Amino acid sequence: MQRIFESERMADEERARYAQADFFDSNRRFLAHFQEKFPDFCRGLVLDVGCGPGDVPLRFARRYAEATVHGLDSSAAMLRYAQNALARAPDLRSRVRFVQGRLPEAVLPRRSYDAIISNSLLHRLPETASLWQALSELGRPGACVCMMDLHRPGSEAQARELVERHAGDKPEPVKRDFLQSLRAAFKVEEIRQQLTEAKLLLSVETCDDHHLLIWGALPA
Ligand SMILES: C[S@@+](CC[C@H](N)C(=O)[O-])C[C@H]1O[C@@H](n2cnc3c(N)ncnc32)[C@H](O)[C@@H]1O
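Please read all numbers here as calculations on a predicted model, not as lab measurements.

The rules behind these values
Residues numbered from 1 in each chain as written. Predicted model: local features only at pLDDT ≥ 70, side-chain atom pairs only at ≥ 80, totals over all residues. Heavy atoms only, no water. Helix = DSSP H or I, 4+ residues; strand = E, 2+ residues; numbered from the N terminus. Near = heavy atom within 4 Å. Polar contact = N/O pair within 3.5 Å; in protein donor to acceptor, adjacent residues only side chain to side chain. Areas by Shrake-Rupley, 256 points an atom, 1.4 Å probe, with all protein chains shown as cover. Phe/Tyr/Trp six-rings, centres within 6.5 Å; stacked < 30°, edge-to-face > 60°. Buried < 20%, exposed > 50% of the residue type's maximum accessible area, 1.4 Å probe, protein only. Lys NZ or Arg CZ within 6 Å of the ring centre and 35° of its normal. Salt bridge = Lys/Arg side-chain N within 4 Å of Asp/Glu carboxyl O. Axes fitted to C-alpha atoms, helices over the stretch in contact; angles between N-to-C directions. Parallel < 35°, antiparallel > 145°, perpendicular 65-115°, else oblique. Left-handed = near helix turned anticlockwise from the far one by under 90°. Contact = heavy atoms within 4.5 Å. Nonpolar A, V, L, I, M, F, W, Y, C, P; charged D, E, K, R; others polar.

Caption draft 1: Structural detail: unusual backbone geometry. The linkage connecting Leu 103 with the following residue, Pro 104, adopts the cis geometry, with an omega of 10 degrees. For Pro 104, the position within the fold is in the loop between β3 (96–100) and β4 (113–119). The backbone phi angle of Ser 120 is positive, close to 65 degrees, even though this residue is not glycine. With respect to the helices and strands, the residue Ser 120 is situated in the loop between β4 and α5 (129–138). Despite not being glycine, Lys 199 shows a phi value in the positive range, around 55 degrees.

Below you can see the structure in the form of structure tokens.
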């Protein structure tokens, strides 16, 4: 199946559906993958690229009591959901900060991060070269990198089957968003090729029937 790119910018209704949808299970699994791949990580400065409504940064801050987490997102509207979520977690306010900006040109509060994470961003990007370039510039030597995203199914029929399996009980617009995102996702081999071109030695693997994980350390 050919990649069908969906706009990097979510329409208002899609953004509202996304922010209110229940991705807690997938976000919980993302944190579990990070813990499994980086068992020695316990403190430091974490950057979540394309943090959306903020559940992942809050989860990381809660799990790692000595970490500070910056969530970057290009959408001011999405960050309002994140700020509201942070307002409901007063114990995390001193260690979580949300920043509006678009990679690669975003100006971040710090120059060098100990871990760079991202969930469900890649399939929203028209191209990934600038993201891979930004990783090398934003991570300190040896920084942990962990990104999860959808992977594109082999055919339209498989994509529709995945939508039914995982969102069969959801309203039609949610199912449609999911199908479009599956069509826009990259395949494992495509990401591997991108990383080779970017000279980044990161691992890429599928982690369930519709997600892939990119992980590893930046050069020390
Ligand atoms: C599908 S949402 C994922 C949100 C969040 N990571 C999560 O797991 O719930 C993708 C997010 O990436 C943001 N985004 C897209 N392109 C971006 C870029 N170039 N720089 C920063 N954020 C971006 C969008 O505004 C959107 O909030």
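Continuing now.
Caption draft 2: Fine view of the site of the ligand. The local shell around the ligand holds 19 residues, among which Tyr 18, Gly 50, Asp 73, Leu 103 and Asn 119 are the closest. At 2.6 Å from a nitrogen atom of the ligand is found a main-chain nitrogen or oxygen belonging to Gly 50. Between the ligand and Ser 74, the relevant distance is 3.2 Å, taken from a nitrogen atom to a main-chain nitrogen or oxygen of the residue. Protein coverage of the free-state accessible area of the ligand, which is 600 Å², stands at 97%.

Caption draft 3: Geometry of the packing of aromatic side chains. Inspection of the entire model under this criterion finds eight aromatic pairs. Between Phe 34 and Phe 41 the ring centres are 5.4 Å apart and the planes differ by 85 degrees, which places this aromatic pair in the edge-to-face class. Across the pair, Phe 41 and Phe 34 agree in class, each one buried. Both rings, one in Phe 60 and one in Tyr 64, keep their centres 6.2 Å apart while their planes meet at 40 degrees; by these two values the pair is tilted. Accessibility classification places Phe 60 together with Tyr 64 in one group, the buried group. By way of ring pairs, the aromatic residues Phe 30, Phe 34, Phe 38, Phe 41, Phe 60, Tyr 64 and Trp 215 are connected into one cluster. When the ring centre of Tyr 64 is taken as reference, the NZ or CZ atom of Arg 63 above it lies at 4.5 Å.

Caption draft 4: Structural context of the pattern of salt bridges. Tallying each qualifying case throughout the model produces 20 salt bridges. Residues Arg 165 and Asp 209 are paired through a salt bridge, measuring 2.4 Å at the closest nitrogen-oxygen approach. Of this pair, Arg 165 sits in helix α6 (residues 156–167) while Asp 209 sits in the loop between β6 (203–206) and β7 (211–217), placing them 44 residues apart in sequence. Here the salt bridges do not stand alone but share partners, grouping Asp 25, Arg 28, Arg 29 and Asp 208 into one network.

Caption draft 5: Local environment of the packing of helix α2 (residues 24–37) against helix α3 (residues 55–63). Put simply, α2 and α3 touch, their axes get as near as 10 Å, and they point 45 degrees apart. In terms of axis orientation, α2 runs oblique to α3. Remark: the crossing between α2 and α3 carries right-handed chirality. Where α2 abuts α3, its residues Phe 24, Asn 27, Arg 28, Phe 30, Leu 31, Phe 34 and Gln 35 lie against Asp 55, Val 56, Arg 59, Phe 60 and Arg 63. When the residues that make up the contact of α2 with α3 are grouped by side-chain class, the tally is six nonpolar, two polar and four charged.

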